[in-house]
Every structure is written in structure tokens, then in C-alpha cells.
Amino acid sequence: MTRDRRKTYVMNPKLEKVLEYFYVLLGSAFVAVAFNIFLLPNKVASGGVSGISTILDWTVGWDPALVQATLNIPLFFAGVFFLGRAFGLKSLVGTLFLPLVVKLTENIEPATTDPLLGALFGGIGVGLGLGIVFRGKASTGGVDLAAQILHKFTGISLGLSVALIDGLIVISSGFAFGIEQALYALIGLYVTGKTIDLVQMGLGYAKTAMIITDKEDEVRKGIFKEVNRGVTSVSGTGGYTEDKRPILLCVVDQKEVTKLKQTVKKIDPSAFVIVMNASEVLGEGFKRA
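Nothing here was measured: the structure is a model prediction, and the numbers come from that model. (Residues numbered from 1 in each chain as written. Predicted model: local features only at pLDDT ≥ 70, side-chain atom pairs only at ≥ 80, totals over all residues. Heavy atoms only, no water.)

1. Remarks on the nonpolar core
The following threshold applies: Among buried residues, the Ala, Val, Leu, Ile, Met, Phe, Trp, Tyr and Cys ones that are joined through side-chain atoms within 4.5 Å form a nonpolar core. A simple rule labels every residue: compare its accessible area, found with a 1.4 Å probe on the protein chains alone, to the largest value its type can have, and call it buried under 20%, exposed over 50%, or partly exposed in between. A run of H or I in DSSP counts as a helix once it spans at least four residues, and a run of E counts as a strand once it spans at least two, with each numbered from the N terminus. In this analysis, two residues are considered to be in contact whenever any of their non-hydrogen atoms come within 4.5 Å of each other.
If you look at the biggest cluster of nonpolar residues, it comprises 21 residues, and the most contacted ones within it are Val44, Val102 and Val126. It is helix α1 (residues 13–39) that contributes the most residues to this core, seven residues altogether. When neighbours within four sequence positions are excluded, Val44 is seen to be in contact with Leu39, Thr54, Pro115, Ala119, Gln181, Tyr184 and Ala185. Formed by 14 residues, the second largest nonpolar core is a distinct cluster that contains Val227, Leu248, Val252 and Leu260.

What follows is the structure in C-alpha cells.
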């Protein structure tokens, strides 16, 4: 693909490392506060170690911060031992900092006593926090590590392993608090996943355009000049005519789609244009990895 003419800025590696640690601390704080003001007071055990700590707090009175630390720290070292990975200092920082903030914020007044609102906004808060932690290339430990261990020793897919463990926690909340609370927990779990995706990929979904035209050179030059985006020419064959014809592939920001379509239409009104969502684009002219 022809290179986009926009400038790419490279962050200083030391500053980037500091920023990653900041993300881990900030994200862990978001998770802890959302847990204390939305999930815990409304008995919403939406999976994970936080869900386990919610169940144990309401049923046997165990301190949630202590439960999370007691489960997260061994899980972290179990992950290092069984998976043979260096999960890194950042993940250990998240593993330790999260229960610390849970303890420090345990006396904050609940934001709501409505379980539905607690599930929705708790899911958003936890998803936002975890998304920020993941942007820091780390984790806060928890059931993700347990799922990876289960995946390694049983052959069950990683996604299914996570679903099984979170599902067991949600089912347990149903036995502890009733079916309605389990349903609220499922809502919180779903919202958390969607919010993580939003933080990871951003609000501005890019668009991929595939253009079939008899005026390849003119359209390509027009996109370069008017839209300032690169274009890749892919060889194609007509299904009916079996004629060889190029397909132009171009990735643009959502706000540039109209200009792209207008440019193509002005040059070749009979061009065939397909525009599709691209959930994430990494590279020059878009965001860095």
C-alpha cells in the first residue's frame, strides 16, 4: 500500500514505559472504585475474582480486598510456574495495587442501590479500568490466569475456559443471591467485555473500501490527492466475464468516507464501491500498536 503522507510520532521508550505503569495504576484504581460503589453493594458478582469476593463478603463476611489479594497473588505465581511466562513487573503491580485500592476505598458510599444500574455502570467502570490496564500491556491477574492454566492442561479453548470460570461464578451468585442477581451479573459481565473492546479499539471505527473500476490510475491518483490516503491494488478476476481487473483497497477514517465516495464517483460514476467496518487499524496514518 502506498505510504500515507501524514507524520508519525514515535514516543520516547522511557516515557512510554512510565506511561504503561501509569495505565496499570490508573486502570486498577478504576476497577477497584467501580467494584466498591456499584458491584459490591448491589450483590452483582459479574465473574472474576471480584465476583468471588462479592459472594464471600455477603455470605460469610470475608473482606473483599483480602479475598482478592489471597486469590490474585497465588494465581499470578501459578501462572509464572505452570505457563512458563514472565508475566512481568507491571502485571504484579496490578495484582497488588488492585486489592490495595479496594481496601482504601471500601468506605465510599454506594453510587446506587439499584442492581440494574449497579450492573450497568459497574460493568462500564470495570471494563474501562481493565481496558486501560491492557493498554499498559499488563493485567490484574485473576481468572484470566486460571483460564490459561485450564487451557494448557485440558486443551479447552482459552475463550471457553474464561467463559466456564466466569459462568461458574455467575451460577454461584445465583445460588447465593437468587436468579435475578445472577441475571444482573450476566449484564455486568457483558457490559464489561464491550467496554474493554471500546477502550482497546476506540470510538472511531475505520472503514475499508474496495473499489472496482475501469479507471484504476485516475481513481488511485484522485484518492491520493483528495483524501490523502494510500491505496493497494489487488488482482481480481470477474466471475462472469473471467476478465482480469484490479481491485483498489483503501482504509480511511469514518469522517473521510464521504470524501472518498465523492472522489470515486466524480472520476468514474459506474465504479463499484464496497465499504466495510474495520474494527482496528494499526500503522502509519492511524494509531500505533
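On we go.
2. Let's talk about the packing of aromatic side chains
Where we set the bar: Classification of ring pairs rests on two measures: the distance between centres of Phe, Tyr or Trp rings, Trp counted by its six-membered ring, which must be within 6.5 Å, and the angle between planes, read as stacked under 30 degrees, edge-to-face over 60 and tilted in between.
Evaluated as defined, the whole model comprises two aromatic pairs. Each ring, one from Phe38 and one from Phe121, has its centre 6.0 Å from the other, and the planes form 25°; the classification is stacked. Note that Phe38 is positioned in helix α1 and Phe121 in helix α5 (residues 115–135), a separation of 83 residues in sequence. A relative accessible area of 16% places Phe38 in the buried class. Their ring planes at 85° and their centres at 5.3 Å tell us that Phe76 and Phe77 sit as a pair that is edge-to-face.

3. A word on the UniProt feature "transmembrane region" (unreviewed entry) in the protein chain
Put simply, the rule reads: UniProt positions are given in the numbering used here, feature names are shortened, and annotations may be inferred rather than shown by experiment.
When the UniProt feature table is mapped onto this chain, "transmembrane region" (unreviewed entry) is found at residues 21–40, 87–104, 116–134, 155–177 and 183–206. Structurally, residues 21–40 is divided into 95% helix and 0% strand, and its ends, taken at the C-alpha atoms, are 27 Å apart.

4. Some details on the packing of helix α9 (residues 216–227) against helix α10 (residues 257–267)
Rules: For helices, the fitted axis covers only the stretch in contact; all axes are lines through C-alpha atoms, and the angles between them, taken along N-to-C directions, range from 0 to 180 degrees. Between 65 and 115 degrees an angle is taken as roughly perpendicular, under 35 as roughly parallel, over 145 as roughly antiparallel, and anywhere else as oblique. Helix crossings get a hand from a simple test, with the near helix turned counterclockwise from the far one by less than a right angle marking a left-handed crossing and a clockwise turn marking a right-handed one. Put simply, Ala, Val, Leu, Ile, Met, Phe, Trp, Tyr, Cys and Pro go in the nonpolar bin, Asp, Glu, Lys and Arg in the charged bin, and everything else, Gly too, in the polar bin.
At a minimum axis distance of 9 Å, the contact between α9 and α10 shows a crossing angle of 140°. In terms of orientation, α9 lies oblique with respect to α10. Like other packed secondary-structure pairs, α9 and α10 cross with a definite hand, here right-handed. Here Glu218, Val219, Gly222, Ile223, Glu226 and Val227 of α9 lie close against α10, whose contacting residues are Lys259, Leu260, Thr263, Val264 and Ile267. Taken together, the residues of the contact of α9 with α10 sort by class into six nonpolar, two polar and three charged.

5. A short note on the pairing of strand β1 (residues 206–212)
Stated formally: Strand pairing is defined by DSSP finding a minimum of two bridges between the two strands.
In terms of burial, β1 is a largely internal element, five of the seven residues being buried. Relative to strand β4 (residues 272–278), β1 runs antiparallel, the two being bridged by seven bridges. The residue of β4 that forms the bridge with Ala206 is Ala278. As defined by bridge partners, β1 adjoins strand β3 (residues 244–252) across six bridges and the pair is classed as antiparallel. Across the sheet, the residue bridging to Ala209 is Cys250, located in β3.

6. Observations regarding α9
Note the cut-off: A helix is expected to span 1.5 Å multiplied by its residue count minus one.
In a regular helix each residue adds 1.5 Å, so twelve residues correspond to 16 Å; α9 covers 16 Å between its end C-alpha atoms and thus fits that length. Along α9, the positions that sit buried rather than exposed are Val219, Gly222, Ile223, Phe224 and Val227. At its buried positions, α9 is contacted by β1, β3 and α10. Phi turns positive, to about 60°, at Asn228, one or two residues after α9.

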